[in-house]
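Architecture at a glance
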Amino acid sequence: MKIFRHYRDIPGAFQGAVVAVGNFDGVHLGHQALIAKAAHNAHERGAALGVLAFEPHPQEFFRPQSESFRLTPFRVKARLLAELGVDAMFALPFDAQMAAKSAQEFVLDVLVEGLGVGCVVVGNDFQFGKGRAGNATVLSYMGAMEGFGVEIFAPVADGAQKISSTQIRQALKEGRPDEAARLLGHYWAVEARVEHGDKRGRTIGVPTANMRLTDCLTPAFGVYAVRASVVEDERIVERHLGVANFGVRPMFETAEPLLETFLFDFDGDLYGKHLSVELVAYLRSEMDLPDLDALKAQIDKDVEAARRALLSL
């Protein structure tokens, strides 16, 4: 998949593309269905399949927060989109200049003059342009005027409610990674470089890969059954099962939350490597244990619980 961080001078191979537009945070089942619709259209037209998503997320521009709300940092989102067969990702900077574009300017400058789209696929609740003045109806009208197709996609529902990134964020915050996975269509993962820790785990026979979460949502503190993958050049090269603790470690009073992952039946060096850790099942909340012996006994119980939870993987 080719990634563009601009909308000018797009190569001819990607002109006339069918472009799905949205934030695609999480690349959940609803997003996947919308992209599948765009892919079908692209196949019929013999055109490239593109996705347009702003970086940073517009919400981060308008309402910056100390804690990130993102389900998928950029590189994770890009990998998920590539796995769906997307040919080009237009990761356009969302800044003051982009925020000031009217709906008409966005269509003419970005979609027509810049990307030269053949067709645009959006959800029926899509809004765009300064003050979110544009919607799917406006886009359809302008598409007819400017000569590009517009397909309006109905949201994918989970019962009576449409699947949304907000639902998934809430599930993760409440320690329900299984529910998040059901809505995502894949396990939610955190990714980071493995860094050196205090090596306490080694003293009790459970060495851990330590990671600090950046640029993504903070899930519920506690212990999880996990699947971890080593990522090199955006490809997964190793997979392992394990158990992980995410939190501030009440026994040792960590200054900021840390993800500590113990991989089953693994003997190797992960320092400096890029690790993706999927949260499969929530086992328990964090505990303030009296000493290292109690900690080791609890870890043994957690390992067994995690192995049971991971039997189907």
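Residues numbered from 1 in each chain as written. Predicted model: local features only at pLDDT ≥ 70, side-chain atom pairs only at ≥ 80, totals over all residues. Heavy atoms only, no water.

Quick notes on the nonpolar core
- Leu52, Phe90, Val110, Leu111, Leu115 and Leu139 are the most contacted members of the largest nonpolar core, which totals 30 residues.
- At the level of secondary structure, the elements contributing two or more residues to this core comprise strand E2 (18-21), strand E3 (49-55), strand E4 (88-93), helix H4 (96-99), helix H5 (103-115), strand E5 (119-123) and helix H6 (136-146).
- Ranked by the residues each element gives to this core, the list is headed by H5, at six residues.
- Ignoring anything within four residues of it in the chain, the contact list for Leu115 reads Tyr7, Ile10, Phe14, Gln15, Gly16, Leu52, Phe90 and Val110.
- By size, the runner-up hydrophobic cluster in this structure holds 29 residues, among which are Leu71, Ile163, Ala171 and Trp188. (Core = buried A, V, L, I, M, F, W, Y, C linked by side-chain atoms within 4.5 Å. Buried < 20%, exposed > 50% of the residue type's maximum accessible area, 1.4 Å probe, protein only. Helix = DSSP H or I, 4+ residues; strand = E, 2+ residues; numbered from the N terminus. Contact = heavy atoms within 4.5 Å.)

A short note on the packing of aromatic side chains
- In the structure shown here, the tally under the stated rule is twelve aromatic pairs.
- When the centroid spacing of 5.2 Å and the interplanar angle of 75 degrees are considered together, the rings of Phe54 and Phe94 count as edge-to-face. On the criterion of sequence distance, the pair formed by Phe54 in strand E3 and Phe94 in the loop between E4 and H4 is long-range, its members being 40 residues apart. Pair check on accessibility: Phe54 and Phe94 agree, each one buried.
- With centroids separated by 5.6 Å and ring planes inclined at 65 degrees, the aromatic side chains of Phe62 and Phe94 adopt a geometry described as edge-to-face. Taken together, the positions of Phe62 in helix H2 (residues 58-62) and Phe94 in the loop between E4 and H4 put the pair 32 residues apart, joining distant regions of the chain.
- An aromatic cluster is present here, built from Phe54, Phe61, Phe62, Phe94, Phe106, Phe126 and Phe128 joined pairwise through their rings.
- Above the plane of the ring of Phe4 lies Lys2, whose end atom (NZ or CZ) is 5.8 Å from the centre. (Phe/Tyr/Trp six-rings, centres within 6.5 Å; stacked < 30°, edge-to-face > 60°. Lys NZ or Arg CZ within 6 Å of the ring centre and 35° of its normal.)

Topic: helix H10 (residues 292-309)
- In this model H10 runs 25 Å from its N-terminal to its C-terminal C-alpha over 18 residues, within 8% of the 26 Å that 1.5 Å per residue would give.
- Among all positions of H10, only Leu295, Gln298, Ile299, Asp302, Val303 and Ala306 are buried. Each buried residue of H10 lies within a common arc of 150 degrees when the element is viewed along its axis, so the set occupies one face. In this structure, H10 carries Asp293, Lys301 and Arg308 as exposed residues pointing more than 90 degrees from its buried face.
- Its buried side turned inward, H10 meets strand E13 (222-232), strand E14 (235-247), strand E15 (258-263) and strand E16 (274-284).
- N-cap assignment for H10: the residue whose side-chain oxygen lies 3.2 Å from the backbone N of Asp293 is Asp291. (Expected span 1.5 Å × (residues − 1). Arc of directions from axis to C-beta. Polar contact = N/O pair within 3.5 Å; in protein donor to acceptor, adjacent residues only side chain to side chain.)

Focus: the pattern of salt bridges
- In this structure the tally under the stated criterion is 21 salt bridges.
- Put simply, Glu151 and Lys37 hold a salt bridge, and the shortest N to O gap is 3.6 Å. Here the residue Glu151 occupies a position in strand E8 (residues 149-153), and Lys37 occupies one in helix H1 (residues 29-45), the gap between them amounting to 114 residues.
- The partner of Arg212 in a salt bridge is Glu195, and the shortest N-O contact between them spans 2.7 Å. With Arg212 in the loop between strand E12 (209-211) and E13 and Glu195 in the loop between strand E11 (189-193) and helix H9 (200-203), the pair connects residues that are 17 residues apart, well separated along the chain.
- We classify Glu195 as partly exposed; its relative accessible area is 26%.
- Here the salt bridges share partners, and the residues they tie into one network are Glu55, Glu60, Arg70, Lys77 and Asp215. (Salt bridge = Lys/Arg side-chain N within 4 Å of Asp/Glu carboxyl O.)

What to know about the sheet that holds E2
- Spatially, the six strands line up as an open sheet ordered E1-E4-E3-E2-E5-E8, and their pairing is parallel. Every other strand in the sheet has two partners, leaving strand E1 (2-4) and E8 as the edge strands with one partner each. The mean inter-strand angle of the sheet, taken between neighbouring strand axes irrespective of direction, is 25 degrees.
- For E3 and E4, the ladder comprises six bridges, and the chain directions are parallel. Across the sheet, residue Phe54 finds its bridge partner in E4, namely Leu92.
- Helix H3 (residues 74-83) rests against E1, E3 and E4 of the sheet, and its axis sits at about 155 degrees to E4.
- Sheet strands in contact with H6 are E5 and E8, and its direction is about 160 degrees off that of E8. (Pairing = 2+ DSSP bridges. Axes fitted to C-alpha atoms, helices over the stretch in contact; angles between N-to-C directions.)

Here's the deal with the confidence of the model for the protein chain
- On average, the protein chain scores 92 in pLDDT, and the residues at 70 or more come to 95%.
- Per-element confidence in the protein chain is highest for E2, whose mean pLDDT is 98, and lowest for H9, whose mean pLDDT is 59. (pLDDT = per-residue confidence, 0-100.)

Focus: the packing of helix H7 (residues 165-173) against helix H8 (residues 177-184)
- Running from N to C, H7 and H8 cross one another at 160 degrees; their axes reach a closest spacing of 7 Å. Classified by the angle their axes make, H7 and H8 are roughly antiparallel. In this structure, H7 crosses over H8, and the sense of that crossing is left-handed. Across the interface between the two elements, Gln167, Ile168, Ala171 and Leu172 from H7 touch Pro177, Glu179, Ala180, Leu183 and Leu184 from H8. (Parallel < 35°, antiparallel > 145°, perpendicular 65-115°, else oblique. Left-handed = near helix turned anticlockwise from the far one by under 90°.)

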